[in-house]
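One-letter residues, chain by chain:
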Amino acid sequence: RAGMRLVESSHIREIKALIVPPPNVTATMTAVCILLGVPPTMRPTARGGDPVADYWHAAQTRVFKEPKKLIQTLLGFDKDDLEDGAIRRILQLADGKKLEPAEVRQDSLACGAICLWLRAMCTYHEVKKGVRNRLEHVRRSAVEYTQASTSLDSVWASHSEV
C-alpha cells in the first residue's frame, strides 16, 4: 500500500496516454481489470476471425476514466473478497514473467507500484487460503477428538461397572 500512496493522478494519465503500451504495462493493467471485474473489450481481428479480448482498451475507457478514483479503489480494495478464479488468471500472467514489479517499473513507475500491489493481493489471498485450510483441519481434528473422547468415556464407564 505504501507504494500505491505515491501514485498520483498525473501518473495514471501518463499511462492512459500510451497508444501502444509496453507488454509489462499491458499485462499489469490486464491483471487490474481482472481483479476489479472489468471485462475486456472484444475487438475484431484483422482477418475477420473470432474477436479477441482487449484489456488495454477496457483499461483506457473504464479503469483510467477517473484516475483519482482508481487510486482510491486500489487503496481501499477489499482483499478479503478476492475470487479464486481472478487470482488464478493473474498468477497465470505472472508465470509468463510479465508481472515482475522490477521489470514493470522500468516501463512505468506507476505501473510498477500497481504491479507490486497486485502481487501483494495475490500473496495475501494464497496465505489466507492456506490459513483457512489449516483452520478447517484444526476444526475437523477437534471434532474427531471430541468423538474419540466421548467414546473413551463410554468405554471407561462400562469398565467401571464391572
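Residues numbered from 1 in each chain as written. Predicted model: local features only at pLDDT ≥ 70, side-chain atom pairs only at ≥ 80, totals over all residues. Heavy atoms only, no water.

Draft legend 1. Structural view of helix H4 (residues 55-63). Listed as buried for H4 are Tyr-55, Trp-56, Ala-58, Ala-59 and Val-63. Down the axis of H4, the smallest arc covering the buried residues is 160°, so these residues share one side. Contacts from the buried residues of H4 go to helix H2 (9-16), helix H3 (23-36), strand E1 (41-43), strand E2 (52-54), helix H5 (67-75) and helix H6 (84-95). Near the N-terminus of H4, the side chain that reaches the backbone nitrogen of Trp-56, with its oxygen 3.1 Å away, is that of Asp-54. (Buried < 20%, exposed > 50% of the residue type's maximum accessible area, 1.4 Å probe, protein only. Helix = DSSP H or I, 4+ residues; strand = E, 2+ residues; numbered from the N terminus. Arc of directions from axis to C-beta. Contact = heavy atoms within 4.5 Å. Polar contact = N/O pair within 3.5 Å; in protein donor to acceptor, adjacent residues only side chain to side chain.)

Draft legend 2. View of the packing of aromatic side chains. On inspection of all chains with the given rule, the structure shows two aromatic pairs. On the basis of an interplanar angle of 70° and a centroid distance of 5.8 Å, the ring pair of Trp-56 and Phe-64 is categorised as edge-to-face. In terms of burial, Trp-56 and Phe-64 fall into one category: buried. Seen in terms of ring centroids, Phe-77 and Trp-117 are 5.7 Å apart; in terms of plane orientation they differ by 80°. Their pairing is edge-to-face. In this pair, Phe-77 sits in the loop between H5 and H6 while Trp-117 sits in helix H8 (residues 109-160), placing the two residues 40 residues apart along the sequence. Trp-117 carries the same exposure label as Phe-77, and that label is buried. (Phe/Tyr/Trp six-rings, centres within 6.5 Å; stacked < 30°, edge-to-face > 60°.)

Draft legend 3. Inspection of a nonpolar patch on the surface at higher detail. Taken together, the side chains of Val-127, Val-131 and Leu-135 define a hydrophobic patch exposed on the protein surface, amounting to about 280 Å² of accessible area. Here Val-127 lies in helix H8. Using a relative accessible area of 52% as the deciding quantity, one classes Val-127 as exposed. (Patch = residues over 30% accessible without salt bridge, like charges linked within 9 Å, V, L, I, M, F, W, Y side chains within 5 Å. Areas by Shrake-Rupley, 256 points an atom, 1.4 Å probe, with all protein chains shown as cover. Salt bridge = Lys/Arg side-chain N within 4 Å of Asp/Glu carboxyl O.)

Draft legend 4. Layout of H2. Among the residues making up H2, those that are buried are Ser-9, Ile-12 and Ile-15. Taken down its axis, H2 places every buried residue within 115° of arc, on the same side. Those residues of H2 that are buried lie in contact with H3, H4, H5 and H8.

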